[in-house]
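# Reading the structure
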Amino acid sequence: MGLMSALRLIDSAIPESKPSIQAQYSPPVMDGVAAYSFINPAVYVTRTEALAVPSVSRCHSLITGVIGSLPLNLYKKSTGQELEEPLWLQQPDYRQPRAVTIAATVSDLFMHGQSFWEVTQVFSDSGRPSNFAWVSFDRVTQKLNSTNTLIVGYTVDGSGLRPQNGLGSIVTFQALDSLGILGRGGRTIKAALDLEKAAAVAASTPMPQGVLVNSGADLPEEQITGLLGAWKLARQQRSTAYLSSTLRFEPTNFSPSEMMYDSAKQSLATEISRLCNVPAWYLSADLNNSMTYSNVVDERRQFVDYTLRPFISAIEQRLSMDDLTARGNEVRFELDETFLRSDALTRLAVIEKMLQLNLITLDQAKEMEDLTPNGAGSGPTALTPDL
């Protein structure tokens, strides 16, 4: 070893090996039977059918809407310092806003327990992805090993097996609930769908359903069909009916009030709130409307801790894994300054106390309130935008 090398005076001249990502991580199979297999078709519902239930649609909108609107930031694990995030963290898919991509990802996690991104660009120096495209859950097929315990690859739209790294590879997000609501709540959702259909039939029928009894001579099939059509049309146009002496109407069902559609809907709304892990009063379910909170922030914090946290953690921790983010850094949603941001008086009281204890400077206090220190646009805290 030469003297210059021993004194490390020529290290800059020695080319360093660049880090490379050998493969995207493929997860193990978390359940013996996939939620999307048609083992029991009687309780299987599609995403479109599930969203046709108002309570499910409300839960879905709350969860995807809130998480999709949260900014994503990059932090250093050891110090918690906020770092300059890569462009893909601001906009994973260059074709659409970040909120749309994140909301679609959360939607698949909520419905199916899994979500997928496709790598569309990579960094030349590290090999890590630099751009993605969200891929619908229904388009992806998993290829398993011989014991059906490990996913060894993916196909999209029935095409060939995707590579394990680089362009075209698939990044998998796993929910803490690996089945999703479609895998474990099919019966409840189908019951709500059936109730909606029954209520719709009752609402579209001016009179109770029944049969027309003919006490005279039997009529041919064509006349019976015409008679029933004329009866239905007449009932939709007027409430008064006329029957000949040989015909009489006999109701065969109960009225909507006797069927207790309203109470059944409220009961199913409560069950769906439990299925989706959303407080029932968010759905205006009358069976659980006594929950009270001291203020809006407490209410939102409760919603984050018990409903949103599983989805937030699943996305944060997947984006923080070494195949996407450099070791020692982590990705986090910005909750405290957005969805959980307290009112102005509370924030000012905290800042005032921190100033009195000399924990922060006046410039830092201004920055905490998104105020430019001393009214200057160029300073140590100012960031130069990319042009």
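Let me begin by describing the structure that accompanies this report. Residue numbering note: each chain is counted from 1, following its sequence as written. At least 70 in pLDDT is required for a residue's local features to be given in this predicted model, at least 80 for side-chain atom pairs to be given and counted, and no such filter applies to totals for whole chains, interfaces and linings, which use all residues. Water and hydrogen atoms were dropped before computing side-chain values, which therefore reflect all heavy atoms in the structure.

## A short note on the overall build of the protein
Helix and strand counts for the protein stand at 13 helices and 10 strands. Throughout, exposure labels follow a simple rule: accessible area from a 1.4 Å probe, protein chains only, divided by the maximum for the residue type, with under 20% read as buried, over 50% as exposed, and the rest as partly exposed. Looking at the protein residue by residue over its 387 residues, the buried ones come to 32%. Considering only intrachain contacts with a sequence separation of at least 6, the fraction spanning at least 24 residues in the protein is 67%. For the protein, the exposed area adds up to about 23,100 Å²; of that, 55% sits on carbon and sulfur atoms. The way it works is that DSSP assigns letters per residue, a run of H or I at least four long becomes a helix, a run of E at least two long becomes a strand, and they are numbered from the N terminus. Note on contacts: a residue pair qualifies if any of its non-hydrogen atoms lie within 4.5 Å across the two residues. In these tables, accessible area is a Shrake-Rupley quantity obtained with a 1.4 Å probe, and a residue counts as shielded only by the protein chains included in the view.

## Focus on the nonpolar core
Counting 51 residues, the largest nonpolar core has Ile-67, Ile-181, Ile-189 and Leu-319 as the members making the most contacts within it. Sorting elements by how many residues they give to this core places helix 11 (residues 296–319) first, with 7 residues. With sequence-adjacent residues up to four places away left out, Ile-181 is seen in contact with Val-56, Phe-110, Met-111, Gly-186, Ile-189, Leu-275 and Cys-276. Working definition of a nonpolar core: buried Ala, Val, Leu, Ile, Met, Phe, Trp, Tyr and Cys residues. They are joined through side-chain atoms within 4.5 Å. In terms of nonpolar packing, the next biggest core, distinct from the first, is built from 8 residues, Phe-116, Val-135, Phe-137 and Ile-170 among them.

## Side note on the pairing of strand 6 (residues 151–156)
Buried residues dominate strand 6, accounting for 5 of its 6 residues. In short, DSSP must find at least two bridges between two strands for them to pair. By the bridge criterion, 5 bridges tie strand 5 (residues 140–144) to strand 6 in an arrangement that is antiparallel. Of the residues in strand 6, the one forming a bridge with Gln-142 is Tyr-154. Counting the residues in the hairpin turn of strand 5 and strand 6 gives 6 residues, including Asn-148, whose phi is positive at 55 degrees.

## Concerning helix 10 (residues 261–276)
Expected span, for any helix, means 1.5 Å times one less than how many residues it has. Taking 1.5 Å as the rise per residue, helix 10 with 16 residues should run 22 Å; its terminal C-alpha atoms sit 22 Å apart, in good agreement. All of the buried residues in helix 10 are Tyr-261, Leu-268, Ala-269, Thr-270, Ile-272, Ser-273, Leu-275 and Cys-276. In the stretch just after helix 10, Asn-277 is the one whose phi turns positive, near 60 degrees.

## Considering unusual backbone geometry
At Asp-157, a position not held by glycine, the phi torsion is positive, near 60 degrees. Within the secondary structure, Asp-157 sits in the loop between strand 6 and strand 7 (170–174). Take Asp-157: its relative accessible area is 52%, and that puts it in the exposed class. Positive phi, close to 60 degrees, is recorded for Asn-277, a residue that is not glycine. Structurally, Asn-277 is set in the loop between helix 10 and helix 11.

## Digging into the sheet that holds strand 3 (residues 114–122)
Strands sit in the order 4-3-7 across an open sheet of 3 strands; the sheet is antiparallel. Strands at the two margins of the open sheet, each flanked by one partner only, are strand 4 (129–135) and strand 7. Across the sheet, the axes of successive neighbouring strands diverge by a mean angle of 35 degrees, strand direction being ignored. Strand direction decides the pairing type here: strand 3 and strand 7, joined by 5 bridges, are antiparallel. Within the sheet, the bridge partner assigned to Trp-117 lies in strand 7 and is Val-171. Comment: axis = line fitted to C-alpha atoms, over the contacting stretch for helices; angle = value between 0 and 180 degrees taken between N-to-C directions.

## Describing the state of the cysteines
Two cysteine sulfurs form what is called a disulfide whenever their separation falls within 2.5 Å. As enumerated under the stated definition, the model contains 0 disulfides in all. A disulfide-free cysteine, Cys-276 has its sulfur positioned 4.0 Å from the sulfur of Cys-59, the nearest such atom.

## Regarding the packing of helix 3 (residues 54–68) against helix 10
Across the interface, helix 3 lies against helix 10 with an axial gap of 9 Å and an inter-helix angle of 35 degrees. Pair helix 3 / helix 10 crosses with right-handed handedness. Between helix 3, through Ser-55, Val-56, Cys-59 and Ile-63, and helix 10, the contact on the second element is made entirely by Ala-269, Ile-272 and Cys-276. Residues are grouped as follows: Ala, Val, Leu, Ile, Met, Phe, Trp, Tyr, Cys and Pro are nonpolar; Asp, Glu, Lys and Arg are charged; all remaining types, including Gly, are polar. When the residues that make up the contact of helix 3 with helix 10 are grouped by side-chain class, the tally is 6 nonpolar, 1 polar and no charged. Rotating anticlockwise by less than a right angle from the far helix to the near helix defines a left-handed crossing, while the corresponding clockwise rotation defines a right-handed one.

## Topic: helix 3
For helix 3, spanning 15 residues, the distance from its first C-alpha to its last is 20 Å, which sits close to the expected 21 Å at 1.5 Å a residue. Within helix 3 the residues assigned to the buried category are Ser-55, Val-56, Cys-59, His-60, Leu-62, Ile-63, Thr-64, Val-66, Ile-67 and Gly-68.

## Concerning the side chain of Asp-93
Position of Asp-93 among the secondary structure elements: in the loop between helix 4 (87–90) and helix 5 (98–112). Apart from residues no more than four positions distant in its own chain, Asp-93 is found in contact with Thr-101, Asn-131, Phe-132, Ala-133 and Trp-134.

## A closer look at the environment of Thr-155
Locating Thr-155 in the fold gives a position in strand 6. According to the relative accessible area criterion, Thr-155 is buried, its value standing at 16%. The sequence separation of Thr-155 and Lys-143 amounts to 12 residues, and the corresponding C-alpha distance is 7.6 Å. If we skip the residues at most four places from it in the chain, Thr-155 touches Arg-139, Val-140, Thr-141, Gly-160 and Leu-161.

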